[in-house]
Amino acid sequence: MAPGAAAPAEAARPQTYARLFALLGSVRPPTAVLAAAGALSLAGAGASLAFPLLTQRLVDALSASQPYQSVAVLLVGALLAGTALSVASELILARGAVGIAARLRDRVLAKLLRLPVRHFDETDTGARVSRVVSDCEALSRLGTEEAVSAVTGAVTLAGTVAVLWWLDGALTLVLTGSVAVAFALSAPAIMRMESIAADLQARKARLGGILTQVFSEIRLVKSFGAERAEAARCAAEVGDLAHQQWRMARLGIALQTVSGLAIVVALVVILVYGGMRVGRGDLSMGTFTAFVLYIFSVAGPFAQIGGFITELQAAKGASARLSDLLDAADEDAGGGAALPGGDGVLALRGVRFAYPDRAQPVLDGFDLDLAPGTTTALVGASGAGKSTVMALILRFHEPDAGGVFFGGRAAVEHALAAWRAMFGYVAQHAPIMPGSIRDNIRYGAPGIDDARLRAAAAAARALEFIEALPEGFDTRLTEQGGNLSGGQRQRINLARVFARDPRIVLLDEATASLDAETEHAIQQALERLMRGRTNLVIAHRLSTVLRADRICMLEGGRITGSGAHADLYATHAGYRALVDRQFSDGEGPGS
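What counts as what
Residues numbered from 1 in each chain as written. Predicted model: local features only at pLDDT ≥ 70, side-chain atom pairs only at ≥ 80, totals over all residues. Heavy atoms only, no water. Pairing = 2+ DSSP bridges. Helix = DSSP H or I, 4+ residues; strand = E, 2+ residues; numbered from the N terminus. Core = buried A, V, L, I, M, F, W, Y, C linked by side-chain atoms within 4.5 Å. Buried < 20%, exposed > 50% of the residue type's maximum accessible area, 1.4 Å probe, protein only. Expected span 1.5 Å × (residues − 1). Phe/Tyr/Trp six-rings, centres within 6.5 Å; stacked < 30°, edge-to-face > 60°. Polar contact = N/O pair within 3.5 Å; in protein donor to acceptor, adjacent residues only side chain to side chain. pLDDT = per-residue confidence, 0-100. Contact = heavy atoms within 4.5 Å. Axes fitted to C-alpha atoms, helices over the stretch in contact; angles between N-to-C directions. Parallel < 35°, antiparallel > 145°, perpendicular 65-115°, else oblique. Nonpolar A, V, L, I, M, F, W, Y, C, P; charged D, E, K, R; others polar. Salt bridge = Lys/Arg side-chain N within 4 Å of Asp/Glu carboxyl O.

Turning our attention to the sheet that holds strand 1 (residues 346–353). On the basis of which strands lie adjacent, the open sheet formed by four strands has the order 2-1-4-5 and antiparallel pairing. The open sheet has two edge strands, strand 2 (363–370) and strand 5 (409–410), and neither has a second partner. Bridge count between strand 4 (residues 401–406) and strand 5: two bridges; the pairing is antiparallel. Counterpart to F405 in the pairing with strand 5 is A410.

A few words now on the pairing of strand 1. Where strand 1 and strand 2 come together, six bridges link them in antiparallel fashion. Residue pairing in the sheet places V351 in a bridge with F366 of strand 2. Examined bridge by bridge, strand 1 and strand 4 share five bridges and lie antiparallel to one another. Bridging from a neighbouring strand, A347 pairs with F405 of strand 4.

Our focus in this paragraph is the nonpolar core. In this structure, I441 and I466 are the most contacted members of the largest nonpolar core, which totals 45 residues. The leading source of residues in this core is helix 15 (residues 486–500), at six residues. Counting 29 residues, the second largest nonpolar core, distinct from the first, contains L348, F353, L394 and I538.

Helical periodicity: at 3.6 residues per turn, an α-helix aligns residues three or four positions apart in one direction. Here helix 15 spans 22 Å end to end across 15 residues, near enough to the 21 Å set by a 1.5 Å rise per residue. Listing the buried residues of helix 15 in full gives G487, Q490, R491, I492, N493, L494, A495, R496, V497, F498 and A499. One or two steps after helix 15, the chain reaches D501, where phi turns positive at roughly 55°.

This part covers the environment of D60. Tracing the chain through its elements places D60 in helix 2 (residues 31–63). Measuring from C-alpha to C-alpha, the distance between D60 and S284 comes to 7.4 Å, with 224 residues separating the pair along the chain.

What follows concerns the packing of aromatic side chains. Scanning the entire structure with this criterion turns up three aromatic pairs. Seen in terms of ring centroids, F353 and Y355 are 4.8 Å apart; in terms of plane orientation they differ by 85°. Their pairing is edge-to-face. With centroids separated by 6.4 Å and ring planes inclined at 85°, the aromatic side chains of F406 and W419 adopt a geometry described as edge-to-face. Within this pair, whereas F406 is found in strand 4, its partner W419 is found in helix 11 (residues 416–420), the two being separated by 13 residues in sequence. Since its relative accessible area comes to 2%, F406 is described here as buried. In textbook terms, an aromatic cluster arises when at least three aromatic residues are bridged by ring pairs, as seen for F406, W419 and F423.

We now examine the side chain of H565. Examined against the element boundaries, H565 turns out to sit in helix 17 (residues 565–571). Note on H565: relative accessible area 10%, which makes it buried. Within the structure, H565 has its side chain in polar contact with the side chain of Y575 (distance 2.8 Å).

The next subject is the confidence of the model for the protein chain. When pLDDT is averaged along the protein chain, the result is 80, and 92% of the positions lie at 70 or above. Here residues 1–12 is a poorly scored stretch, pLDDT under 50, and it has eleven contacts once near neighbours within four places are set aside; other chains count.

The geometry of a pair of packed helices is captured by two quantities: the angle between their axes and the separation between those axes. Taken N-terminus to C-terminus, the directions of helix 1 (residues 17–27) and helix 5 (residues 125–167) make an angle of 80°; their axes are 10 Å apart at the nearest point. Considering the angle they form, helix 1 stands roughly perpendicular to helix 5. Residues L20, L23 and L24 of helix 1 form the contact with helix 5, whose participating residues are L139, L142 and G143. Of the residues that constitute the contact of helix 1 with helix 5, the class distribution is five nonpolar, one polar and no charged.

Glancing now at the pattern of salt bridges. Applying the stated criterion to the full structure yields 22 salt bridges. Between E398 and R395 there is a salt bridge, and its shortest N-O distance comes to 2.9 Å. Several salt bridges share partner residues, and in doing so they unite R438, R442, D450 and D474 into one network.

The strands making up a sheet associate through hydrogen bonds between their backbones, and the pairing can be parallel or antiparallel. One open sheet accounts for six strands, arranged 6-9-10-3-11-12; its pairing is mixed. Edge positions in the sheet fall to strand 6 (423–426) and strand 12 (558–563), since each has one partner strand and no second. Sheet twist, expressed as the average angle between the axes of neighbouring strands with direction ignored, equals 20°. Looking at chain direction, strand 6 and strand 9 (residues 504–508) are connected through four bridges and run parallel. Bridging from a neighbouring strand, Y425 pairs with L506 of strand 9. Packing of helix 10 (residues 386–393) onto the sheet brings it into contact with strand 3 (375–379), strand 6, strand 9, strand 10 (534–538) and strand 11 (550–555), and relative to strand 10 it is tilted by some 145°.

Given below as structure tokens:
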């Protein structure tokens, strides 16, 4: 596998708690913030623990006709203090969770943008979105709200048991026995939740990927009448997801039912047994009342601990996926050698390159020199590797053997950002980014002023239609430029390259999907763009490359012939056959 390539999904490292805690530790809020939230939460729990004891004193005072006003004030104060402390803790934790999610998302997004193109070729868009949205959210909840809630619940539970034992040991044994049975019955369900939670996240990511593909290619779906097929495909994924959600829901209901029954059984036994002891005078009514209240206090901590365990399983899987992503090798940033001033020869020498999923190399022994100020056309059958050559020049991929050179120095010796700044790349599909027309033209040259912006639009023959729009350069473009025609999108794309003012222009089927009239207008803009620059042109329509200084025929992973059109047509059988197939009337350029 080439450097920087994403590891296959099956090679992902196992889920471990060490990876989870390491990732949380790198983005958690300051210790003082967590400590403050924890202290407030524990103080609130303490106030809650005091509430039944104060209730005991109040009931006993009322039963004995003793003064009760001070106890009543303390009781109300404990209730209000516990509520206020809990709310303050929750606010701090919510702010901390938002901060963790934001920091983690910033880190994941920055990492994604540093990954090599191969990673995006090998992974699903929905999975990447899920990493940024769902997985970061799962970790942020666990690292703040759920963690402090679990600690508070554990402390509250321990304190409750201690107070209960102090109040009455026999009744405490009845309660703890019921709780122990409930926990033993719940343990298998809790363990099964981990695998279900991981599968749920994977299925959500897969569904997100399918929806992204369907909605981004909605014209294809509708033009081929595939709505029912896509609905069925999505329904199958939704059904699988619903099945897993139903499994998780059943486990959650089972856990709630077991814990609820345990509390009810304990309550019935304690009411019967405790009532008998109150009747015999062995237990005061106040103590019995406090004990019953503490039973309900046990349910809350158990719910907190159970919620933490569920979130822990989800976060464990999320941390494994995020760690795999964050540990992946970045794109090779290159060396620090300065690019030579002026023009230089761009050359590919002895290049061999194969995609990971293909046994045969696309290029093998490939050599190509692009002389300064000349236009070179690369032609060949579909799948011959023409676009791969451009991908290697732009360093979207690195050759398996050989290399790319400029001015006699290898591309990897130069900083990647500086290397790519030399090029203006015009793709067939005319990519449009979210934002306005102004944002899109300035995309590769954010510092240009309005004069250069207008000049770039004019050079691309886009100024006239832009100024005819109600909002001109500030017109907001919909997803993929859906509110523009294909020719308008391509002109915006060309204006973006004009604004960048590159040394070298790479044209990859720039007019392939346009009608003849629009192609003619775009071709004029392209000729203006290419003037005085080094140019590499790929085109299936040979009529668009016949005036190139040199035409190179790509076959079997290497250049098998090159020259001007007339010479190449006369001497190269493969090129002659390619031309004749396109100009089959016998009066084409080769005749």
